[in-house]
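Architecture at a glance
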Amino acid sequence: MGARPRRRRAPATAAAVVAAAAAAPGPLGALLAAALLAAAGAQQSVTVANPVSGASPDLLPHFQLEPEDVYIVKNKAVSLACRATPATQIYFKCNGEWVHQGDHVTEHSTDRGTGLPVMEVRIEVTRQQVEKIFGLEEYWCQCVAWSSSGTTKSQKAFVRIAYLRKNFEQEPTAREVSIEQGIVLPCRPPEGIPPAEVEWLRNEELVDPALDANVYVTSEHSLVLRQARLADTANYTCVAKNIVARRRSASAAITVYVNGGWSTWTQWSGCSTSCGRGWQKRSRTCTNPTPLNGGAFCEGQNVQKTACTTLCPVDGAWSEWSKWSVCGAECTHWRSRECSEPAPRNGGRDCHGPELDTRNCTSELCSHGEHGGDGGVVRWDRGPGVPVGADALPHAAAPGAEDVALYVGLVAVAVCLVLLLLVGVLVYCRKKGGLDADVADSSILTAGFQPVSIKPSKADNPSLLTIQPDLSTATMTYQGSLCPRQDGPAKLQLPNGHLLSPLGAGRHTLHHSSPAAEGADFVARLSTQSYFRSLPRGTTNMAYGTFNFLGGRLMIPNTGISLLIPPDAIPRGKIYEVYLTLHKQEEVRLPLAGCQTLLSPIVSCGPPGVLLTRPAILAMGHCVEASAENWSIRLKKQSCEGTWEDVLQLGTEPCTELYYCQLEAQACYIFTEQLGRFALVGESLSMAASKRLKLVLFAPAACPSLEYNIRVYCLSDTQDVLKEVIQLEKQLGGQLIGAPRVLHFKDSYHNLRLSIHDMPSSLWKSKLLASYQEIPFYHIWSGLQPFLHCTFTLERLSPSTCELACKIWVWQVEGDGQSFTVNFNISKDTRFSDWLVPDSEVGAPALVGPSAFKIPFLIRQKIISSLDPPGTRGADWRTLAQKLNLDSHLSFFASKPSPTAMILNLWEARHFPNGNLSQLAAAVAEVGKQDGALFAVSEAEC
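The text that follows walks through the structure, step by step, so that each part is easy to find. For clarity, every value in this text was computed on a predicted model and none was experimentally measured.

Put simply, Ile 193 and Pro 194 share a cis peptide bond, and its omega is -5°. Take Pro 194: it is sitting in the loop between strand E14 (192–193) and strand E15 (197–202). In this chain, Glu 341 is followed by Pro 342 through a cis amide linkage whose omega measures -10°. Along the chain, Pro 342 falls in the loop between strand E24 (332–336) and strand E25 (356–360). Of note, Glu 814 is a non-glycine position whose phi angle comes to about 55°, a positive value. Positionally, Glu 814 belongs in the loop between strand E47 (803–812) and strand E48 (817–825). Judged by relative accessible area, Glu 814 falls into the partly exposed class, the value being 21%.

Here it is in structure tokens:
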């Protein structure tokens with residue numbers, strides 16, 4: 001938009017007026033010329049030049065950089081820039097009005113290729129400027145560049161205020177769907193500028209349509225599952241985010257159920273009776289498929305019956321004996337009978353007994369001399385034996401019986417001999433085998449590896465914890481154990497199975513209160529400088545102060561983060577305003593690659609670029625279990641361009657004297673002569689590398705409803721993260737219900753599992769569908785998600801129930817684990833309130849001059865002057881470093897003008913405010929250059 005159009009004048013006259021105006025000295029002439037051009041109706045389109053008559057087109061201003069659209073986030077001002085060549089003047093015009101000359105920041109340079117002058121101009125646009133015209137039109141700015149040949153306008157850049165509403169216009173709702181049915185989960189994100197991007201979470205895992213062809217997201221942000229699968233049973237959450245904030249919808253539980261189907265019928269069974277009328281049946285089962293997740297059971301009968309008739313079996317029976325026959329030449333007669341009354345049928349049994357009966361018919365008076373035997377009765381059977389013929393001699397039976405007996409005896413003797421031979425062979429083999437027989441039974445060797453089942457004490461809830469050891473990995477991969485700290489030293493190895501486990505609520509974001517008046521003034525002063533524009537505007541995680549050559553100390557209370565400025569680090573005659581800031585990890589982009597993980601908070605100290613004559617010491621916590629064979633640890637610093645650079649690798653000789661790091665068990669001390677933004681990053685070298693996790697349990701301090709939530713936080717073991725969670729829980733009305741525990745989390749790619757057990761089923765019940773919840777490995781290992789937690793939702797069966805007793809297990813698969821024994825009254829138990837640090841005990845965030853140091857200034861100077869010069873017997877600063885266990889840093893100390901000052905500065909950083917001066921004095925005395933008057937003064941000043 002330009003000024004109101006005026007009547008068009010003659011071109012020559014307008015050019016003369018513009019030339020006269022441009023001849024005025026300074027930017028005022030250029031502004032006047034631009035105003036006259038606008039008044040004369042000189043309208044140019046974006047990037048179209050308006051050359052002066054007779055000028056060469058090659059000398060018109062050409063924009064190398066044009067302003068681009070930007071968004072104002074919260075109260076942070078934005079910067080617009082443009083650069084042109086050749087240009088004598090460049091000014092911004094915003095919404096038709098020229099920006100004041102004093103608001104421009106101009107840089108002049110020369111193009112090395114062409115030798116033409118290059119001018120770059122920047123301005124800042126604040127939220128207040130944009131809000132002045134809010135609702136009338138959009139706020140825009142563009143550059144106008146002048147040269148001796150004419151003017152050029154840049155493209156318009158629009159400045160908008162970014163925001164994101166809290167409430168979703170439409171949230172997904174819980175549904176139950178049949179398997180293979182399509183699912184559409186609608187999501188209309190909150191209103192925002194720029195428009196929010198939408199992503200979907202399934203059990204807190206990101207849903208990626210590129211990895212699952214069954215899933216896609218519509219242009220209206222709805223999640224579509226083409227065919228529901230059992231694996232799709234989960235909690236779905238719609239997440240909307242832009243540059244301002246990240247919003248989560250309520251989770252929608254999707255249950256995919258399977259209706260039951262009948263299997264095929266079995267074959268008919270046999271008839272129930274073996275004689276007469278009975279029944280037979282066949283059956284089918286509802287297993288094709290089996291109903292799941294509340295699916296309908298099969299309709300109809302699972303058993304069919306029908307009548308059957310079986311013919312009864314008839315056993316055979318003998319008829320009457322016939323009359324005896326005539327006595328024959330053999331002095332015998334016979335009679336017979338038949339199995340015909342009745343004859344056997346339908347499977348009946350045959351008759352038993354002889355069919356033919358013979359006997360002597362002469363009353364033993366027959367002559368047998370011719371045959372050599374006496375008479376007798378011979379019976380003929382229907383069995384398998386061969387009957388004697390009618391002409392056979394009766395006396396032949398006796399010799400046959402004797403032969404059979406002889407043969408039987410010989411066979412018996414042979415069998416006995418064979419058995420004796422076998423027994424002898426077995427005895428010989430055992431004697432020859434020696435001890436081999438002792439281990440013939442493999443159960444002797446494997447009896448110690450039988451499966452073990454560990455069950456909860458409650459018989460009515462057997463599925464909570466039934467654990468068997470994994471014998472395939474018991475002697476190879478499993479090294480850790482789950483050790484309940486309150487229930488004795490029993491160790492437990494947990495299985496590696498996978499189970500669908502919906503997680504609880506997601507990550508929370510802390511909102512800090514507005515700063516105090518003094519903090520607001522300091523922030524306002526620093527906000528005019530470019531290096532401070534990215535710092536948070538609150539003072540909860542910030543400390544600042546004004547320092548001179550006497551030095552001092554900045555501390556962020558309850559975080560373990562401090563900055564020590566030694567005496568004479570600031571040149572005499574200089575006064576610096578120094579700040580120390582703890583950043584939220586979601587506000588700073590720290591790129592991590594491969595196995596890298598964030599080990600410390602991200603801390604800024606500044607202003608960057610100030611001159612320090614001696615290194616300042618930045619102290620902060622870390623969560624690494626450091627060892628040279630398992631970790632490669634680097635100190636990263638953010639450059640002015642915003643990129644992160646490795647400035648130091650721990651464990652190697654320093655390649656520069658600007659930085660050094662003393663890494664201890666739970667804290668690191670960074671020597672730096674250049675202030676800036678720092679972070680400690682580690683890269684694991686083996687699967688044995690581990691980080692410390694702090695496990696903290698919180699629950700509501702008041703429970704007005706039947707539901708009761710226990711939140712288990714899995715945090716990096718640093719004081720700053722614990723402080724943030726405590727502040728968050730105070731806002732949520734939570735209380736600590738157990739002493740925090742430490743868990744060593746290994747780089748084994750195994751997830752973290754959480755489960756709850758041993759609740760009295762008559763008083764409480766858990767709403768958790770699965771047997772455990774699970775946090776993915778990479779969510780924990782990256783260290784970029786500080787408030788990871790799972791929620792166990794319990795329900796009281798009676799409003800009068802106040803006593804809660806249970807166990808909560810937290811363990812890494814094939815790794816370390818911890819257990820919490822919870823036993824307290826939910827309405828009045830406050831035994832762990834001492835763990836919560838009161839706000840009144842935070843201490844002074846800034847100490848200036850001698851009050852910031854434990855060692856009195858005069859004593860410090862005496863120690864330095866005594867130990868800096870080399871001693872004849874080695875009694876100098878090297879021996880002091882050895883006494884204080886700092887002899888691994890001798891090369892760094894030796895590179896400084898005063899090694900003793902470096903040692904004392906490190907002692908101050910490590911031992912403030914609870915350091916023991918007597919121990920330091922004893923160490924100095926042992927060096928061999930003690931001075932009696934020196935210690936007399938130090939004791940008096942202590």
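With that settled, the discussion passes to the side chain of Ser 178. Mapped onto the secondary structure, Ser 178 falls in strand E12 (residues 175–178). With relative accessibility at 18%, the residue Ser 178 sits in the buried group. Each residue touching Ser 178, except ones within four places of it in the same chain, is listed here: Ala 228, Val 256, Tyr 257 and Asn 259.

For the rest of this paragraph, the subject is the pairing of E47. Within E47, seven of the ten residues are buried, which leaves the element mostly enclosed by the surrounding structure. Two strands pair when backbone bridges link them, and E47 and E48 are joined in this way by nine bridges, in the antiparallel orientation. Within E48, the position partnered with Glu 803 by the bridge is Asn 825. Hairpin geometry of E47 and E48 is characterised by an intervening segment of four residues between the two adjacent antiparallel strands and by a positive phi of about 55° at Glu 814.

Bringing empty space enclosed by the protein into the picture now. Per the stated rule, a full pass over the model turns up nine cavities of 30 Å³ or more. Space inside the largest cavity adds up to approximately 130 Å³. Among the elements that line the lining of the largest cavity, the one with the most residues is helix H7 (residues 719–732), at three residues. Along the lines of polarity and charge, the residues of the lining of the largest cavity split into six nonpolar, two polar and four charged.

Looking now at the sheet that holds strand E29 (residues 561–565). Ordered in space as E36-E37-E33-E29-E28-E49, the six strands form an open sheet in which the pairing is antiparallel. A single partner strand is all that each edge strand has here, and the edge strands are strand E36 (659–663) and strand E49 (846–848). Taken over all neighbouring pairs, the strand axes of this sheet differ in orientation by 15° on average, direction set aside. In this sheet, E49 lies alongside strand E28 (residues 552–556) in antiparallel orientation, the contact comprising three bridges. The residue bridging Leu 554 from the neighbouring strand is Ala 846, located in E49.

Counted at 1.5 Å a residue, the expected span for helix H12 (residues 899–911) with its 13 residues is 18 Å, and the 19 Å between its end C-alpha atoms agrees. Burial runs high along H12: eleven of the 13 residues are buried. For H12, the set of buried residues is Pro 899, Thr 900, Ala 901, Met 902, Ile 903, Leu 904, Asn 905, Leu 906, Trp 907, Glu 908 and Ala 909.

Glancing now at a nonpolar patch on the surface. A surface patch of nonpolar side chains, amounting to about 450 Å² of accessible area, comprises Val 411, Val 415, Val 418, Leu 419 and Leu 422. Checked against the element boundaries, Val 411 lands in helix H4 (residues 397–433). The class of Val 411 is exposed, set by a relative accessible area of 53%.

Attention shifts here to the packing of aromatic side chains. Summed over the entire model, instances satisfying the criterion amount to 15 aromatic pairs. On the numbers, 5.6 Å between centres and 25° between planes, the contact of Phe 745 with Phe 777 is stacked. A residue pair is termed long-range when its members are at least 10 positions apart, and Phe 745 in strand E42 (residues 741–746) and Phe 777 in helix H8 (residues 777–781) qualify at 32 residues. Phe 777 carries the same exposure label as Phe 745, and that label is buried. Seen from their ring centres, Phe 777 and Tyr 778 are 5.1 Å apart, and the 80° between their planes marks the pair as edge-to-face. Classification of Tyr 778 as exposed rests on a relative accessible area of 52%. The rings of Trp 631, Phe 745, Phe 777, Tyr 778 and Trp 781 are connected pair by pair, giving a single aromatic cluster. A cation sits over an aromatic face here: Lys 305 above Trp 279, 4.6 Å from the ring centre. Over the aromatic face of Trp 321 sits the side chain of Arg 335, whose NZ or CZ is 4.6 Å from the ring centroid.

Procedures and definitions
- Residues numbered from 1 in each chain as written.
- Predicted model: local features only at pLDDT ≥ 70, side-chain atom pairs only at ≥ 80, totals over all residues.
- Heavy atoms only, no water.
- Helix = DSSP H or I, 4+ residues; strand = E, 2+ residues; numbered from the N terminus.
- Buried < 20%, exposed > 50% of the residue type's maximum accessible area, 1.4 Å probe, protein only.
- Contact = heavy atoms within 4.5 Å.
- Pairing = 2+ DSSP bridges.
- 1 Å grid on protein atoms, 1.4 Å probe; cavity = no way out; pocket = protein on both sides within 12 Å on 5 of 7 lines; lining within 4 Å.
- Points joined across faces, edges and corners; volume = space filled by probe spheres on them.
- Nonpolar A, V, L, I, M, F, W, Y, C, P; charged D, E, K, R; others polar.
- Axes fitted to C-alpha atoms, helices over the stretch in contact; angles between N-to-C directions.
- Expected span 1.5 Å × (residues − 1).
- Patch = residues over 30% accessible without salt bridge, like charges linked within 9 Å, V, L, I, M, F, W, Y side chains within 5 Å.
- Areas by Shrake-Rupley, 256 points an atom, 1.4 Å probe, with all protein chains shown as cover.
- Salt bridge = Lys/Arg side-chain N within 4 Å of Asp/Glu carboxyl O.
- Phe/Tyr/Trp six-rings, centres within 6.5 Å; stacked < 30°, edge-to-face > 60°.
- Lys NZ or Arg CZ within 6 Å of the ring centre and 35° of its normal.

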